[in-house]
Amino acid sequence: MEDVTRPDRRQNAALSAALAGAVDLSAVKARAEATARQQSRPAAAPAASGSAPATSGEWVVEVSEATFQQDVLERSLQVPVVVDLRASWSEESQQLSPILQRLSAESNGTWILATVDIDANPRIAQAFGVQSVPMTVAIAGGQVLDGVPGLQPEAQLRQWIASLVQALRDRLPGIKAAEERAAAGGAAEAEQPEDPRFTAAEEAFERGDYAAAEAAYEQILAAEPGNEDAKAALAQVRFTARAERTDSGAIEKADASPDDIDAQLAAADAEIAAQLVDQAFARLVATVRRTADEDRNRVRQHLVDLFELFPADDQRVMLARRNLASALF
């Protein structure tokens, strides 16, 4: 996939002007300000000056044509709103949205992410002049400030959003309020004691008692099946235990015996340990293609377990998942 570069300032200015004209944001802003003065909407236009959504769940909102004014324009009077114009059929949309959602979760409410399904809301897509998806637009004070087309690297998106927040900190009261609230919350969190279950598991891992560490994390997951920290830690423990038992010549042995399932699994572990991630994933996908029934399921599960060692939006993982799906079906 080719990288999509961010447009230069002249392109952004043209985009902003075009969008502002299409949506008529100045008129809508006036209506939003009047509504904000007359009504109190805790989730969208807080009555207290400088307030902002109090929980991370309110930092991502799915927007429709009926809620666009309230969820986007009115909120943009307090904090910037980043609009994710997307479509379910767009592969790049599927990759971009989780990145934006994660960045929003890290923002502590200094900006809001608004997601728009352009197929379900064609008037919004038309208003923004959407030619392709995904498309990301920043709105503040009821005005379009900037736009970014296509799928961008996470680091570039992070820098772009940080520059927006920095530029708007003194203009939008909700930004400083969110930062102050986050600082107060961070101090409170620092005072919380560590979870003794994780402490025991980590200590077992550090002394090389992988069986005890694995049992400790499994016990946490038995009580809390959705604990993502425990899931990730368990995957790491299991992999480390296998990797330490792997023969130094595992890769050469596997290359010489492509039909040896055990050799292929061990070689993939060795490649992951050597940071040859793409090579390990490709090896196991190729093995899935060559096998069937129980052998195929065993290789598939080993590959899925290796995926757990990386963030879900890691480009190498997403590519390997697509290749695995193709090999299976």
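Keep in mind it's a predicted model, so treat the numbers as computed, not measured.

Outline the confidence of the model for the chain, listing residues and values.
Predicted confidence across the chain gives a mean pLDDT of 80, with 80% of residues reaching 70 or more. Taken together, the stretch residues 1-56 has pLDDT below 50 and engages in 88 contacts with residues farther than four places along the chain or on a different chain.

Which residues make up the nonpolar core, and what values go with them?
Val83, Leu85, Phe128 and Ile139 are the most contacted members of the largest nonpolar core, which totals 43 residues. Counting residues per element, this core draws most heavily on helix 6 (residues 154-168), which supplies six residues. Judged by nonpolar contacts, the second largest core, of 23 residues, contains Ala235, Ala280, Val288 and Leu309.

I'd love a proper account of the pattern of salt bridges, names of residues and values included.
Taken as a whole, this structure holds 19 salt bridges when the rule is applied. We note a salt bridge from arginine 322 to glutamate 91, for which the minimum N-O separation is 3.4 Å. Separated by 231 residues along the polypeptide, arginine 322 in helix 15 (residues 315-328) and glutamate 91 in helix 4 (residues 91-106) bring together distant segments of the chain. Judged by relative accessible area, arginine 322 falls into the partly exposed class, the value being 34%. Here arginine 207 makes a salt bridge to aspartate 209, at a shortest N to O gap of 4.0 Å. Accessibility expressed as a relative area gives 58% for arginine 207, which makes it exposed. You can call aspartate 209 partly exposed: its relative accessible area is 30%. Each of Arg102, Glu106, Glu154, Arg158 and Asp313 takes part in one network of salt bridges that share partners.

How would you sum up helix 4? Please name residues and give values.
In an α-helix, one full turn covers 3.6 residues, which means residues spaced three or four apart are oriented alike. Between the first and last C-alpha of helix 4 there are 24 Å, a value that for 16 residues agrees with the 22 Å anticipated at 1.5 Å per step. Every buried residue of helix 4 is accounted for by Ser93, Gln95, Leu96, Ser97, Ile99, Leu100, Leu103 and Ser104. Looking at the buried residues of helix 4, the elements they touch are strand 1 (60-63), strand 2 (81-86), strand 3 (112-117), strand 4 (135-140), helix 6 and helix 15. Looking one or two residues beyond helix 4, the residue adopting positive phi is asparagine 108, at roughly 60°.

So what's going on with a negative patch on the surface? Which residues, and what values?
Judged by side-chain charge, Glu194, Glu202, Glu203 and Glu206 come together as a negatively charged surface patch. Mapped onto the secondary structure, glutamate 194 falls in the loop between helix 7 (173-190) and helix 8 (196-206).

For the packing of helix 8 against helix 9 (residues 210-223), give the residues involved together with the corresponding values.
Relative placement of two packed helices is described by the angle separating their axes and the distance separating the axes. Relative orientation of the contacting elements helix 8 and helix 9 amounts to 160°, with a least axis distance of 7 Å. Regarding the angle of helix 8 to helix 9, the classification is roughly antiparallel. Where helix 8 crosses over helix 9, the handedness of that crossing is left-handed. Here helix 8 contributes Arg197, Phe198, Ala201, Glu202, Ala204 and Phe205 to the contact with helix 9, which in turn contributes Tyr210, Ala212, Ala213, Ala216, Tyr217 and Ile220. Taken together, the residues that form the contact of helix 8 with helix 9 break down as ten nonpolar, no polar and two charged.

Criteria and thresholds
- Residues numbered from 1 in each chain as written.
- Predicted model: local features only at pLDDT ≥ 70, side-chain atom pairs only at ≥ 80, totals over all residues.
- Heavy atoms only, no water.
- pLDDT = per-residue confidence, 0-100.
- Contact = heavy atoms within 4.5 Å.
- Core = buried A, V, L, I, M, F, W, Y, C linked by side-chain atoms within 4.5 Å.
- Buried < 20%, exposed > 50% of the residue type's maximum accessible area, 1.4 Å probe, protein only.
- Helix = DSSP H or I, 4+ residues; strand = E, 2+ residues; numbered from the N terminus.
- Salt bridge = Lys/Arg side-chain N within 4 Å of Asp/Glu carboxyl O.
- Expected span 1.5 Å × (residues − 1).
- Patch = residues over 30% accessible without salt bridge, like charges linked within 9 Å, V, L, I, M, F, W, Y side chains within 5 Å.
- Areas by Shrake-Rupley, 256 points an atom, 1.4 Å probe, with all protein chains shown as cover.
- Lys, Arg positive; Asp, Glu negative; His and termini not counted.
- Charge placed at Lys NZ, Arg CZ, Asp CG, Glu CD.
- Axes fitted to C-alpha atoms, helices over the stretch in contact; angles between N-to-C directions.
- Parallel < 35°, antiparallel > 145°, perpendicular 65-115°, else oblique.
- Left-handed = near helix turned anticlockwise from the far one by under 90°.
- Nonpolar A, V, L, I, M, F, W, Y, C, P; charged D, E, K, R; others polar.

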